[in-house]
Amino acid sequence: MSSYNIYYGEYTLKYWINMILNKEIILPPYQRYFVWSQEKVEKLIASLQENQYIPPVVIGSYKDNEVEHNYVLDGQQRLSAILLAWLGCFPKGKGFAENIKVFGTYNDDKEYNDDGDEQENIQAWKFTVIQDLIHNGKIKKDDIKEKLINSNQYQTISNKILRDINQDFFESKRLGFSYVRPKDISDSKAQKRYFSTMFRNINISAVDLTPVESRSSLYWLDEGIQPFLQPDEKSVLGKIKIDTYDMDFARYIALLSEYKKQGETKNIAKGFVGRKGKTIEQYIEEYIYYLVDKKEQNKFYIFGAAFNYSEEIKKLNIVYEKLNFPSKYISIIDADYYLFGLLYFLIFKNIDHTSIVNNRNNITDMLEKTIFESKKNKNHAKTPSALKYLRSRIESSINIYRQFI
C-alpha cells in the first residue's frame, strides 16, 4: 500500500502566479536554475493559447521542523515562464550569468566531458528572486515590474506573442497539477528520499541535469556530506582543475570506498562505465545513497559515526597545500595517479601525513614516470575510462604512496 496520497486538478495561470507570489509554493533547496530561452517561453504560451496538452506541475508536501512546505518537484521551468510572461520581462543575458560547475571526469569512452554544453553561461535565476521582492503581502504587477526593470538585470519582452497577451489569457487558461502528500508527515528522512528520487527521475527525460544539479538533490538527504564530497570552490581542493574542468572529488571517494571494502581492484565499478554499463554518475549516486543511510553492506566502505567530514576536508586542504601538488592536471590520467593514493592513505587509512610530505619529491618522480609510461599506451591515453585502465591507475597510485608510508 502506498504511503502517499496523490491528488489531481488544475488551476488558472493567474492562480498559479498568485501562489508563487504568496509563497504558497516554493522551490526545494536543490532545484536547478531557470534554463529556458524567450523562444521556449513563447512556445509554451502559444501551446496554452491553442489549448494543447501541457504536462502537469508536480507539487510535493514536505514537513520540515514543524513547518509544512509545498515544493515544486516538477514544473519550475513552466511556472517561471508563465510568471515572466505575465510580468512582461525576462532576465538579461548577463544579468544573472554564472558558469556551471563541470566535473573533469569521464563519460563513456571520453576522457572528460568535452562537448561544452554544460559549461556555457546560464541564468543563475529562479522565481525565488521575484518572491523575495514581495513584502507584507503587497503584490502589484506594475510595482514588481518597475523594480525588475530598474535593477537593470531584466529586459522588457520584445516577442510579439508574449507582448500581446492580456489579463484574460491568464485568468482563462489552466494548467494541471499532481499533488503528492505523505500519509505520515513525521518521517522527514523518508520524505526527502522520496522527493529527491522523484525529482531526478522526472528530469531524466527533460533538459539534462548536470552532475552538480543531480547530486544537489542527493546531498539534501544529508547536508553534512556535501562539503566533504564537493569541496568549497574557494578551498585548495575545490580549485583543482582537470584541463578546464573541476575535479570530481566524490568520484575518488566512491571508488576508494569500494577499494577499501574489497581490498583489491579486481571488481571495482563492475557493471559501470563504458558503453554497455551504467554511467559513473549512477555509480556515485549509489555510493551517496549508502553513505546517507550509513547501513553496513558488501559493496562500499561506509564511514562510521565518529568520522568528521568537515575536519577531514580541512586536513586534506592543509596537506595538499604543503605538498604543493598541481592545481591543474592535464588529464584524468595525471589526476588519478596523484590523487587516488594520496586520498586513500589520508582518508581511509588515516596515516600521519608527515611521511608523504617529507617524501614529496620522490613520490612526484615516481608518479610522473608512471604517468609517462601509461600515456605511451595509446589505448590508455585514448580511452582512460576503460575499467582495466581505471583499476590499474587506482592500484598503481596506491602502491607508489605505500612505498613511502
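In what follows, the structure referred to is the one given above.
Below, the structure is looked at part by part. (Residues numbered from 1 in each chain as written. Predicted model: local features only at pLDDT ≥ 70, side-chain atom pairs only at ≥ 80, totals over all residues. Heavy atoms only, no water.)

So, on to the pairing of strand β8 (residues 174–182). Along a regular strand, successive side chains alternate from one face of the sheet to the other. Pairing between strand β1 (residues 4–12) and β8: 9 bridges, direction antiparallel. The partner of G9 across the bridge, within β8, is F177. Across 4 bridges, the pairing between strand β2 (residues 57–64) and β8 is parallel. Paired with V57 across the bridge in β8 is F177. (Pairing = 2+ DSSP bridges. Helix = DSSP H or I, 4+ residues; strand = E, 2+ residues; numbered from the N terminus.)

Let us look at the sheet that holds strand β3 (residues 67–74). Sheet architecture is open: 4 strands sit in the order β1-β8-β2-β3, paired in mixed fashion. What marks the edges here is a single partner per strand, and that holds for β1 and β3. Sheet twist, expressed as the mean angle between neighbouring strand axes with direction ignored, is 30°. Where helix α1 (residues 13–21) meets the sheet, it contacts β1, β2 and β8, and its direction lies at approximately 115° from that of β1. (Axes fitted to C-alpha atoms, helices over the stretch in contact; angles between N-to-C directions. Contact = heavy atoms within 4.5 Å.)

Evaluated as defined, the whole model comprises 32 aromatic pairs. Where F228 meets F303, the ring centres are 5.9 Å apart and the plane angle is 90°; that geometry is what we call edge-to-face. With a gap of 75 residues between them, F228 in helix α10 (residues 226–229) and F303 in the loop between α12 (280–293) and α13 (309–323) connect regions that are remote in the sequence. Note on F228: relative accessible area 0%, which makes it buried. Through pairs of rings, three or more aromatic residues link up here, namely F228, F249, Y259, Y301, F303, F307, Y309, Y344, F345 and F348. The ring of Y252 is capped by R251, whose NZ or CZ atom sits 4.9 Å from the centre of that ring. (Phe/Tyr/Trp six-rings, centres within 6.5 Å; stacked < 30°, edge-to-face > 60°. Buried < 20%, exposed > 50% of the residue type's maximum accessible area, 1.4 Å probe, protein only. Lys NZ or Arg CZ within 6 Å of the ring centre and 35° of its normal.)

Here we come to the sheet that holds strand β10 (residues 245–246). Ordered in space as β10-β9-β11, the 3 strands form an open sheet in which the pairing is mixed. At either end of the open sheet lies a strand with only one pairing partner, and these are β10 and β11 (328–329). Inspection of the sheet shows strand β9 (residues 241–242) paired to β10 by 2 bridges, in the antiparallel sense. Across the sheet, K241 pairs through a bridge with D246, a residue of β10.

Turning to the packing of helix α9 (residues 211–219) against α12, a few remarks are in order. Two elements in contact, α9 and α12, have axes separated by 10 Å at closest approach and are oriented at 15°. Taken together, α9 and α12 sit at an angle that is classed as roughly parallel. Two packed elements cross with a definite hand, and for α9 against α12 that hand is right-handed. Facing P211, R215, L218 and Y219 of α9, the residues of α12 in contact are E281, I284, E285, I288, Y289 and V292. Tallied by class, residues from the contact of α9 with α12 come to 7 nonpolar, no polar and 3 charged. (Parallel < 35°, antiparallel > 145°, perpendicular 65-115°, else oblique. Left-handed = near helix turned anticlockwise from the far one by under 90°. Nonpolar A, V, L, I, M, F, W, Y, C, P; charged D, E, K, R; others polar.)

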